[in-house]
Amino acid sequence: MSRKKPSKEWLQTQNKDPYVKQARESHYRSRAVYKLQEIDKKDSLIKPDYCVIDLGSAPGSWSQYASERIGANGRVIAVDILPMESIDGVLFTQGDFTDEAVEKAFLQQIGADRADLVISDMAPNLTGIRVTDQARSMAMAELIYDFCHQALKPGGDLLIKLFEGAGTNEYRQLLREHFDKVMTRKPGASRDKSREFYILARSYRL
Ligand SMILES: C[S@@+](CC[C@H](N)C(=O)[O-])C[C@H]1O[C@@H](n2cnc3c(N)ncnc32)[C@H](O)[C@@H]1O
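Predicted model only: the values in this text are computed from it and were never measured.

About the thresholds
Residues numbered from 1 in each chain as written. Predicted model: local features only at pLDDT ≥ 70, side-chain atom pairs only at ≥ 80, totals over all residues. Heavy atoms only, no water. Core = buried A, V, L, I, M, F, W, Y, C linked by side-chain atoms within 4.5 Å. Buried < 20%, exposed > 50% of the residue type's maximum accessible area, 1.4 Å probe, protein only. Helix = DSSP H or I, 4+ residues; strand = E, 2+ residues; numbered from the N terminus. Contact = heavy atoms within 4.5 Å. Near = heavy atom within 4 Å. Areas by Shrake-Rupley, 256 points an atom, 1.4 Å probe, with all protein chains shown as cover. Nonpolar A, V, L, I, M, F, W, Y, C, P; charged D, E, K, R; others polar. Axes fitted to C-alpha atoms, helices over the stretch in contact; angles between N-to-C directions. Left-handed = near helix turned anticlockwise from the far one by under 90°. Phe/Tyr/Trp six-rings, centres within 6.5 Å; stacked < 30°, edge-to-face > 60°.

What follows is about the nonpolar core. Membership of the largest hydrophobic core comes to 33 residues, with the highest contact counts inside it found for Leu55, Phe147, Leu158 and Tyr171. The greatest single-element share of this core, amounting to eight residues, is contributed by helix H6 (residues 130-151). Those residues in contact with Phe147, other than ones at most four positions away along the chain, are Ile53, Leu55, Phe97, Glu103, Phe106, Leu107, Ile110 and Val118. Membership of the second largest hydrophobic core comes to 26 residues, among which are Tyr34, Tyr50, Ile119 and Leu159.

Here we come to the site of the ligand. Neighbouring residues of the ligand: 21 residues in total, closest Ser61, Asp80, Asp96, Phe97 and Asp121. Computed on the free molecule, the ligand has an accessible area of 600 Å², of which 86% lies beneath the protein chains in the complex. Here the residues of the shell around the ligand are counted per class, giving ten nonpolar, seven polar and four charged.

The subject of this paragraph is the packing of helix H5 (residues 100-110) against H6. It is the contact of H5 with H6, at a shortest axis distance of 11 Å, that shows an interaxial angle of 35°. Note on packing geometry: the crossing formed by H5 with H6 is right-handed. Along the contact surface, H5 presents Glu103, Phe106, Leu107 and Ile110, while H6 presents Phe147, Gln150 and Ala151. Looking at the contact of H5 with H6 residue by residue, the class counts come to five nonpolar, one polar and one charged.

A word on the packing of aromatic side chains. Two measures describe an aromatic ring pair: the distance that separates the ring centres and the angle between the ring planes. Counted by the stated rule, this structure contains five aromatic pairs. When the ring of Trp62 is compared with that of Tyr198, the centres are 5.8 Å apart and the planes differ by 40°; the resulting orientation is tilted. Placement of Trp62 in helix H4 (residues 61-70) and of Tyr198 in strand S7 (residues 196-204) is noted, with a sequence separation of 136 residues between them. For Trp62, a relative accessible area of 3% puts it in the buried group. Among the residues examined, Tyr198 registers a relative accessible area of 0% and is labelled buried. Here Phe106 and Phe147 contribute two aromatic rings whose centre-to-centre distance is 6.0 Å and whose plane-to-plane angle is 25°, an arrangement assigned as stacked. Here the residue Phe106 occupies a position in helix H5, and Phe147 occupies one in helix H6, the gap between them amounting to 41 residues. Accessibility assignment for this pair places Phe106 and Phe147 in one class, buried. Each member of the aromatic cluster is reached from another via a ring pair, and the members are Phe97, Phe106 and Phe147.

Quick look at the structure:
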């Protein structure tokens, strides 16, 4: 199977990026870890013994980081369409989260105890058509919100990646119906020119 060659521009950006360099020199699988780390340091997100759900986990740096933070008595349960190399203490399912059967099996793994934290770095495959991509991203975000009702403990938190555009303000309003605090985060490792940002919704209530 032929692989698409990375563009010259992409390679130049990667080579100049201090977070890429830092990730290459560390054991983390992706520069994405520095986004989660920055938010965790600022907001004390991940605590020992937590059950953390990682949606869109591959190649695995968020799962690596979360499993280190929760320690031996915590759990990380992760899902991705793509395969992910195993990580100690992480229970991984390969499948499409938007597929009902996959979501159901995933919920069974979480069990009745529910999770303390849901983190989602998922982004749907881009078509390049901005309106379509934004609509797909918001549809996925709504699915994740519904998932929280079944997966989160009262008092639990959600960290979710979104893209600036239509529907994000309405989504904040939706979250406020079941979370005490809804905040926006744009960590340093999230590239300025990228429309991505994170919403941190804290203290879930039924
Ligand atoms: C930016 S990457 C996540 C990087 C990850 N946080 C890390 O630190 O390694 C986004 C991931 O979301 C996954 N993804 C996108 N749509 C998905 C879906 N419907 N179900 C499961 N995973 C999905 C992609 O396969 C991709 O691996």
